[in-house]
Amino acid sequence: MLLQVDTQSEFRKHYGPIVKITNRYGSPAGQTVFSYRGLIDLSRMGAGSQQALYALSDLKNLFPLKKGARHEISFVPLNPDEPVNTQWSFELDVTGQETFKLENCKYKVWKVRQTTKKGDEQVDVWSALYSPDLEATLAKIYDEGTANEYIVRYERIRRLQQ
């Protein structure tokens, strides 16, 4: 279980490479995310939103991660309001490896820059600090390299109850 100020995230193997992440934000109502190996969110379900995507690219080719690797993943949002022939993609750039300290533990993490595009239009950019050992994104870096850069990170780790 990973924790930050008002968030508690429970990461559990679901099926094969799918990780089920249950997020609680200081209240019983939460959010469930199904993620490919803890790096690529495939669906997000909660009181406020429902999102899902179908990857058109083979996600198995992403792993193991290697510095300098670049992957483009085409996908279709599973949203009834999305126009049928809209081309979406994630561009993943593995920019390096570093050590991430979480309380008294240290983890090797990959820094993976993720750019979401709708056609040629850039929709979102952020970097994940991803632990392959935990199959979890331990931090996200937004507006990287600018004066507005900020990091959202987990601060504590606890063993899951069986």
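For clarity, every value in this text was computed on a predicted model and none was experimentally measured.

What counts and how
- Residues numbered from 1 in each chain as written.
- Predicted model: local features only at pLDDT ≥ 70, side-chain atom pairs only at ≥ 80, totals over all residues.
- Heavy atoms only, no water.
- Helix = DSSP H or I, 4+ residues; strand = E, 2+ residues; numbered from the N terminus.
- Rg over C-alpha atoms; globule rule 2.2 N^0.38 Å.
- Buried < 20%, exposed > 50% of the residue type's maximum accessible area, 1.4 Å probe, protein only.
- Contact = heavy atoms within 4.5 Å.
- Phe/Tyr/Trp six-rings, centres within 6.5 Å; stacked < 30°, edge-to-face > 60°.
- Salt bridge = Lys/Arg side-chain N within 4 Å of Asp/Glu carboxyl O.
- Pairing = 2+ DSSP bridges.
- Patch = residues over 30% accessible without salt bridge, like charges linked within 9 Å, V, L, I, M, F, W, Y side chains within 5 Å.
- Areas by Shrake-Rupley, 256 points an atom, 1.4 Å probe, with all protein chains shown as cover.

(A) Broad picture of the overall build of the protein chain. For the protein chain, the helix and strand inventory stands at zero helices and 13 strands. Secondary structure of the protein chain in N-to-C order comes out as β-β-β-β-β-β-β-β-β-β-β-β-β. Its C-alpha atoms give the protein chain a radius of gyration of 16 Å, near enough to 15 Å, the size a compact globule of 162 residues would have. Its C-alpha atoms put the protein chain at 45 × 35 × 35 Å along the principal axes. Within the span of the protein chain, comprising 162 residues, buried residues form 44% of the whole. A separation threshold of at least 6 residues defines the contact pool for the protein chain, and within that pool the share at least 24 residues apart is 35%.

(B) Geometry of the packing of aromatic side chains. Taken as a whole and assessed by the stated rule, the structure comprises seven aromatic pairs. Relative to Y150, the ring of Y142 has its centre 5.1 Å away and its plane inclined at 20°; by these criteria the two rings are stacked. Look at Y150 and you get partly exposed, because its relative accessible area is 44%. Site record: aromatic cluster; members linked through ring pairs are Y36, F63 and Y130.

(C) Up close: the pattern of salt bridges. One pass over the full model with this rule turns up eleven salt bridges. The partner of K118 in a salt bridge is E82, with the nearest N and O atoms 3.7 Å apart. Of this pair, K118 sits in strand β9 (residues 105-118) while E82 is found in the loop between β7 (70-77) and β8 (88-102), placing the two residues 36 residues apart along the sequence. Among the residues examined, K118 registers a relative accessible area of 32% and is labelled partly exposed. We classify E82 as buried; its relative accessible area is 17%. Across the pair K111 and E144 runs a salt bridge, and its minimum N-O distance is 2.6 Å. Taken together, the residues K111 in strand β9 and E144 in the loop between β11 (136-142) and β12 (150-153) connect sequence positions 33 residues apart. E144 gets classed as partly exposed once you look at its relative accessible area, which sits at 24%. Each member of the salt-bridge network shares a partner with another, and the members are R70, E91, D93 and K117.

(D) Fine view of the pairing of strand β10 (residues 121-131). Taken together, the nine bridges between β9 and β10 define a ladder with antiparallel strand orientation. Residue pairing in the sheet places W110 in a bridge with Y130 of β10. Between β9 and β10, which pair antiparallel one after the other, the connecting turn spans two residues, and G119 there sits at a positive phi close to 65°. In this sheet, β11 lies alongside β10 in antiparallel orientation, the contact comprising six bridges. Its bridge partner lying in β11, S131 is registered against A136. Two successive antiparallel strands, β10 and β11, enclose a turn made up of four residues, where E135 displays a positive phi of approximately 50°.

(E) View of a nonpolar patch on the surface. Where nonpolar side chains cluster on the molecular surface, the patch consists of Y54, L56 and L78 and spans about 340 Å² of accessible area. With respect to the helices and strands, the residue Y54 is situated in strand β6 (residues 50-55).

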